[in-house]
Amino acid sequence: MVLHSTEQRILDFVRYSADSDRTELAAELGLPRPTVISAVRKLIGSGALLDVDAAEGRSTAGRGRHVIRFPGPSAIVGLIRWTDHSLRVGLHDLDGTALHEEELDIPDPADGPAGLVPAAGSLLRAAGSLSDHGPAGRRLVSITISAPAPFRRGRGAPRDDASTLGLPLRFAVTEHVDFDDYLSRRFPVDFITENDINLAGLGEYFATRDRAQNMVYLRVNDEGIGSAIVAGGVLMRGAQGFAGELAHLQIDRDGPLCPCGGRGCLSNQLRGMMAAATSQAYGRPVGYAELSRHARDGDAGASRLLADVGRAIGQPFGQICTVLDPEVIVIDATDEAVVAGIRESFAIFAPPAIAHNVRFRTSALGADAEVRGALEIPREAARRG
Ligand SMILES: [Zn+2]
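Calculation criteria
- Residues numbered from 1 in each chain as written.
- Predicted model: local features only at pLDDT ≥ 70, side-chain atom pairs only at ≥ 80, totals over all residues.
- Heavy atoms only, no water.
- Phe/Tyr/Trp six-rings, centres within 6.5 Å; stacked < 30°, edge-to-face > 60°.
- Buried < 20%, exposed > 50% of the residue type's maximum accessible area, 1.4 Å probe, protein only.
- Helix = DSSP H or I, 4+ residues; strand = E, 2+ residues; numbered from the N terminus.
- pLDDT = per-residue confidence, 0-100.
- Contact = heavy atoms within 4.5 Å.
- Polar contact = N/O pair within 3.5 Å; in protein donor to acceptor, adjacent residues only side chain to side chain.
- Arc of directions from axis to C-beta.

### A short note on the packing of aromatic side chains
Next, step 1: This model, assessed by the stated rule, comprises 5 aromatic pairs.
Next, step 2: Residues Tyr205 and Phe206 carry aromatic rings whose centres are separated by 5.0 Å and whose planes lie at 80° to one another, so their mutual orientation is edge-to-face. Comparing Tyr205 with Phe206 shows no difference in burial state: the two are buried.
Next, step 3: Both rings, one in Phe317 and one in Phe346, keep their centres 6.0 Å apart while their planes meet at 45°; by these two values the pair is tilted. Of this pair, Phe317 sits in helix α9 (residues 300–324) while Phe346 is found in helix α10 (residues 336–349), placing the two residues 29 residues apart along the sequence.

### Here's the deal with the confidence of the model for the protein
Next, step 1: When pLDDT is averaged across the protein, the result is 88; 90% of the residues are at 70 or more.
Next, step 2: Note that residues 161–170 has pLDDT below 50 and, in this model, 11 contacts with residues that lie over four places away or in other chains.

### A word on the environment of Asp19
Next, step 1: Along the chain, Asp19 falls in the loop between α1 (5–15) and α2 (22–29).
Next, step 2: Using a relative accessible area of 33% as the deciding quantity, one classes Asp19 as partly exposed.
Next, step 3: Once the C-alpha coordinates of Asp19 and Val67 are considered, the two residues, 48 residues apart in sequence, prove to be 5.6 Å apart.
Next, step 4: A distance of 2.6 Å separates the side chain of Asp19 from the side chain of Arg69, its partner in a polar contact.

### Some thoughts on helix α5 (residues 179–186)
Next, step 1: The set of residues buried in α5 consists of Phe179, Asp180 and Leu183. Viewed end-on, α5 has its buried residues packed into an arc of 90°, placing them on one side of the element.
Next, step 2: With a side-chain oxygen positioned 3.1 Å from the backbone nitrogen of Asp180, the residue opening α5 is Asp178.

Right under this line is the structure:
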């Protein structure tokens, strides 16, 4: 059967989606409902898709809410979450439910994509055992790699040909290698590498029903700070994969060198500020994770310092939002004092028209945002056609 582009988009979207009805498909793909109804009828007629009674869970021509489903074993996706401190792998169904989770040894960044071969092998073995023993069978359709650094798809790390500094490999993804191509050639599944904050931002964006056209997502936790930008309904990755890298805004031109090759980046400034402010009171430098614990235990000094961290983020963040003018800002931060500090500073440094009208939201998904983002990447391609 020759598929028209509308039919192909519907097929691609349904392949990576839990059950949707025709109205939801029309809304997701931005198509008129009659167009969707006609295309779905053709796809069902040819056996490419199934019409299922949502209440009964079986093919039927009766009444009730009918959903569209891809035939065969239900799809699952893999996610490799690589941070500076851990490597966790998981398998998820199309609702995001975890079917398998495992923690593995952190690869040496110098090994590049080869360091992820054991993690990929482990996910394929786990997926194999699910498809052997699952009641309806499972089919692994993609593995997403969540990378803790700027990453340019199809090329790897942003190239910095001018750098001769020989900086230590502190960015986990430092190789100018196409991770997706390297791994997809070795395993019978597609790999998709994406920056971790971009994945989380994409997940948060599609988790809300009233999707604003312009959203900025901000995450602050013990791994660091980062932001993701959705402009005009599209995730902005930038030419080098650097879009949204709030951590690497230069705050102090004479500040310490950063693994990105820049100087005086915001993330370094915050680390230095916390170390300097805590050394005397605690007898040693204390970082974000421990400060958060102290603040939760009622330590007023820790809360005060975390509010200062929030204010230090809120100034450049407010200025970024002046340029981007988002309708919505989603914040995922582990500490309330940080959020209060960000909002206080934001109100000063963003123009009143933005500061008064932007909607602040707390993250709806928290740690699950990256899983949702991994599910949304292939759906995003189908939405855009
Ligand atoms: Zn930097």
